[in-house]
Amino acid sequence: MSILRTIGSAKAAVLLLSATAVACLVGTLLPQAQANHFVYRAAWFLALLGALCINLICCTLGRYASWPNRVGSVITHLSILFVVAGAIVDGVWGVRGDVQLRIGESMAAFGTGAQQRTLPFSVHLTDFTVERYPPTAELTVVQTGAEKPEKPFEMTAGSERPVFGAGWAIRVDDIKDSLGESPKLVSAPAGSGKLGVRIKLGGGPHASHEEFLLEGEREEIATPDHLLRVVLRVMPDATTRDREFIALQPGAGNGFVEMAEPDGSKLRLEARPGQKVTTQAGAVVEVLRYAPHFVIDGGAVKNASERPVNPAVQVRVESKDGTKKDTWLFAHFPDFRRMHGQQAGPVATYVRPADIDFVHQLFLYAVHDGDIAYAVVSSGREDVPRGSAVSGARIAIAVEVGTVEIVGLLPQATLAHEVAETASGEGRPGALVQWLKNGKPVGQPAWLLAGGDPAMGPDAGLLAAVTGYGARVKAFRSTVQVVENGAVVKEHKIEVNRPLVYGGYSFYQSSYDREREKWTGLEVARSPGVPLVYAGFILFVAGLVVALYVQPLLKRGRTAPNEEKP
Amino acid sequence: MTESVLFNILYIAYFVTTLFYAFTIFTTRRGVVLAGRGLLLVTLLLHTAVIAERWGMAGRPPMSNMFETLVFLGWGIALVYLTVEIKYGLRVLGMPAVLAALLSLGLATLVFPGTIEPLMPALQNSFWLTTHVSFCFFGYGAFSIGYLMCLLLLIRRTDGHRNAGCYLVALSVTALVAPVVMIELRRHGVMTLTLTVPVAIAVTAVCAAVAGLLTVPVALLARVAKLDSTVKNPDVLETALHRTLLLGFLFLSIGIVTGSVWAQEAWGRYWGWDPKETWSFITWLIYGIHLHVRFGWQKRGVLTIWLAILGYWAVVFTYFGVNFLLSGLHSYAAS
């Protein structure tokens, strides 16, 4: 009984609550992902919450004799156990993942980070719309030295407005709701520019689109799915180019195996099969196998795909005395060997810079006054297709990626920012304005974007700027059909506050394609603990109300007649 | 709303009510007491009308950004104070309480844009928006009154020999004022990110000095004017404090619970440890600790007062600090 009292004492409760508060405070100072990992989901934090629950149970059990007088308090305390139980149920049996769907697509499985989950039904997206509020934009004209700016005015295309007298006026030639500034490659005067290459990606999973590379500014681009990277390397002369170009071998980009020599120097060899090196101690280190997606399937090592999900190399170390030892090294788990107690022999690590996790890489080696030599390095391929590219050349990369077309070579190029309408409504409103003096245009018309730089007037310290917001999102609507056994069993319009609930799963609107509004992102969750959590919530509030307001009322009712007696 | 006639009348009403309470602070005459109460009631009704007007203009509950919630907070403070005055007397709290409501309105109009902005999709659920925000801000209103009671209790502890109470009051006021001053400076671009730490210390020091200079004479004046004479039973203040904090705790709990259910509805997770959620949890824990110290541990006096003050700092940080200093899902509130 006394142990119960100690563990369940108010002092212990205060101590544990304070520790929890401090832990949470520390958590909010960390970036969210780190806070989740090091605080909220860490074992010590969960242990702290567990200790609080034990304290709570002991406290409540230890004072069972006084329960009738403390109904509210007991309910409130026990309700917390419901919430915790719900959270545990969700932690153990809950499932959470997300899926991206285009109109017309169906899903019957979703990724939960580590694995795929299959649903007992499928969800078909029939429509996806983004509803937006109208954008707001006003034009303001300021004159340096003037007491106050001209009153902001609403713009209409074609309208002309005199400003600050003296014959000055500003004319709005065009208005667009959603504009964006995108960098563009343009020719530069001789001697001032850098080497630029315009390319076009096509035939793969992404819609065909143009890209560009620019020496010193934008030397590589990559597709968001990590399938392809295009690298531009500008070489000082043809000799250097040829030397570097020959060195591009299969496996280039796999990274390196590094070993520390006794004198502190480092031995390096490329992580591709067949590479060999002899250490200072006379041992021979050889790369046996390379697996970008290392898995163990049925006791055997397998390479599950060519995507660098878990890159690994198998290394053989043959000592002077002829003993051989084979070890797998993992790029993502450098401590694996040490963890598994394999400390004998020289310690080798597999170093793989994070930025080379691509399946296909197209290297463009250029010199300033010549053509481009290209090489395609693909993970899992023994050969390296090479060639020389001129404008109009089409380089086949792989079936799943398509081709890269060299649209044009600009020996003297620079970046220009081009204002263009965006594919989605995500951009900013803007106006094409023209300054006028006595009715005659002065200078060139220029686009002004809301929140962007103001446009300098041609004279008199005039400045014009557009203020306002783009069309903000009002609602996302994903219209879906639930298909089970070949029949549509449910139709639902998913919105942010209106999830689809079916078969124990809930589908929430969580993201969307900001660039083109082509796909919708749904969060799929099964939270079996929610009823418990909600029950806890209701009991907590009910208990508190009983303890604070109902019990005192009853007590007063009970004691009132007693007070009358004496 | 800032251009509304009602809003300007409300300003004047609060100003007049504050002055009335200030000049009749130690009065116990029934007529004067009732007159003040009536004045406050009219002001409160006017405040309700202002909120209703904006509700009508916006076509949605006006509870979505700093401006709207500050106006709502002022309403909560005034409402809770009126309830406390009717139940416990404690008229001496009237001037600071009504002034706090006025300051809340002032902060809203002076610092934040009052334009009606469209709602982002997650907030477009009038039922949860209204219940969640109302309960949170009723709770904040109760905690604000509780905080004023704490300051009063600290001033009461000041006697002729030591002014420790005054300094403690000054310190606790500083902790609230300094961040607001810093946010203001930062908004005007005076404070850049690289300067934050040294400037923060300097600003805090200046605020502490000003608060100290102001609090000491107030406390001395209160003593000369025999503050205690307005509170007949000294225990009444402490009882009122704890009842008010319990009310705040209940409202905050309901606010967190409704927020959690709403998050489950909108995002599919009832708790995600985002900074706003975590800080409301920290606030809840501190007031929870206060309850356990007071009712479990059976302690009274300075420790419980300081826990309540600490709790209020957490309230203020949850409301302002998280919006401006930490990022998270609730970031839309910082406008």
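Below you will find a few notes about this structure.

Cut-off values and rules
- Residues numbered from 1 in each chain as written.
- Chains lettered and ligands numbered in written order.
- Predicted model: local features only at pLDDT ≥ 70, side-chain atom pairs only at ≥ 80, totals over all residues.
- Heavy atoms only, no water.
- Salt bridge = Lys/Arg side-chain N within 4 Å of Asp/Glu carboxyl O.
- Buried < 20%, exposed > 50% of the residue type's maximum accessible area, 1.4 Å probe, protein only.
- Pairing = 2+ DSSP bridges.
- Helix = DSSP H or I, 4+ residues; strand = E, 2+ residues; numbered from the N terminus.
- Axes fitted to C-alpha atoms, helices over the stretch in contact; angles between N-to-C directions.
- Core = buried A, V, L, I, M, F, W, Y, C linked by side-chain atoms within 4.5 Å.
- Domains from an automatic or database assignment.
- Expected span 1.5 Å × (residues − 1).
- Parallel < 35°, antiparallel > 145°, perpendicular 65-115°, else oblique.
- Left-handed = near helix turned anticlockwise from the far one by under 90°.
- Contact = heavy atoms within 4.5 Å.

1. Section: the pattern of salt bridges
Residues and elements named next belong to chain A.
In step 1: Counted under the stated rule, the structure contains 21 salt bridges over all chains.
In step 2: Salt-bridge contacts for Asp174 lead to Lys176; the nearest nitrogen and oxygen are separated by 3.2 Å.
In step 3: Overall, Asp174 belongs to the partly exposed group, its relative accessible area being 24%.
In step 4: Here Asp242 and Arg241 are joined by a salt bridge, their closest N and O atoms 3.2 Å apart.
In step 5: What makes Asp242 partly exposed here is its relative accessible area of 42%.
In step 6: Given the relative accessible area of 8%, Arg241 is considered buried.

2. With respect to the sheet that holds strand S20 (residues 348-351) of chain A
Residues and elements named next belong to chain A.
In step 1: Within the open sheet, the three strands sit side by side as S13-S12-S20. Their pairing is antiparallel. The open sheet has two edge strands with one neighbour each: strand S13 (266-270) and S20. Recorded for the sheet is a direction-independent mean angle of 25 degrees between the axes of neighbouring strands.
In step 2: Where strand S12 (residues 256-260) meets S13, five bridges bridge the pair, whose relative direction is antiparallel. What sits directly across from Val257, in S13, is Leu269.

3. Some details on the pairing of strand S11 (residues 228-235) of chain A
Residues and elements named next belong to chain A.
In step 1: Across the eight residues of S11, six count as buried, placing the element largely inside the fold.
In step 2: Across three bridges, the pairing between strand S10 (residues 220-222) and S11 is antiparallel. Among the inter-strand pairings, Ala222 is bridged to a residue of S11, identified as Arg229.
In step 3: Pairing of S11 with strand S21 (residues 360-367), which is carried by eight bridges, proceeds in the parallel orientation. Paired with Leu232 across the strands is Leu364, a residue of S21.

4. Concerning the nonpolar core
In step 1: Formed by 139 residues in total, the largest nonpolar core has its most connected members in Met107 and Phe507 of chain A together with Ile145 and Met149 of chain B.
In step 2: For this core, the leading source of residues is helix H5 (residues 126-156) of chain B, giving 18 residues.
In step 3: When residues of this core are assigned to domains, at least three map to each of domain 1 (2-94 + 530-564) and domain 2 (95-132 + 473-526) of chain A.
In step 4: Membership of the second largest hydrophobic core comes to 25 residues, among which are Ile199, Leu201, Leu228 and Val359 of chain A.

5. Describing helix H4 (residues 43-62) of chain A
In step 1: For H4 of chain A, built from 20 residues, the straight-helix expectation of 28 Å at 1.5 Å per residue is met to within 8% by its first-to-last C-alpha distance of 28 Å.
In step 2: Listed in full, the buried residues belonging to H4 of chain A are Phe45, Leu48, Leu52, Cys53, Asn55, Leu56, Cys58, Cys59, Thr60 and Gly62 of chain A.

6. Observations regarding unusual backbone geometry
Residue and element names in this part refer to chain B.
In step 1: The backbone of Leu90 sits at a positive phi, close to 50 degrees, despite the residue not being glycine.
In step 2: With respect to the secondary-structure elements, Leu90 resides in the loop between helix H3 (66-88) and helix H4 (94-111).
In step 3: For Trp273, which is not glycine, the phi dihedral falls at a positive 55 degrees.
In step 4: Turning to its location among the elements, Trp273 is positioned in the loop between helix H8 (234-267) and helix H9 (275-296).

7. Notes on the packing of helix H1 (residues 5-23) of chain B against H4 of chain B
Residue and element names in this part refer to chain B.
In step 1: In the contact formed by H1 and H4, the axes pass within 8 Å of each other and the chain directions differ by 155 degrees. As summarised for this structure, H1 and H4 are arranged roughly antiparallel, according to the angle between their axes. In the packing of H1 onto H4, the handedness of the crossing is left-handed. Here Phe7, Leu10, Tyr11, Tyr14, Phe15, Thr17, Thr18, Tyr21 and Ala22 of H1 come into contact with H4, specifically with Gly94, Met95, Val98, Leu99, Ala101, Leu102, Leu105, Gly106 and Thr109.

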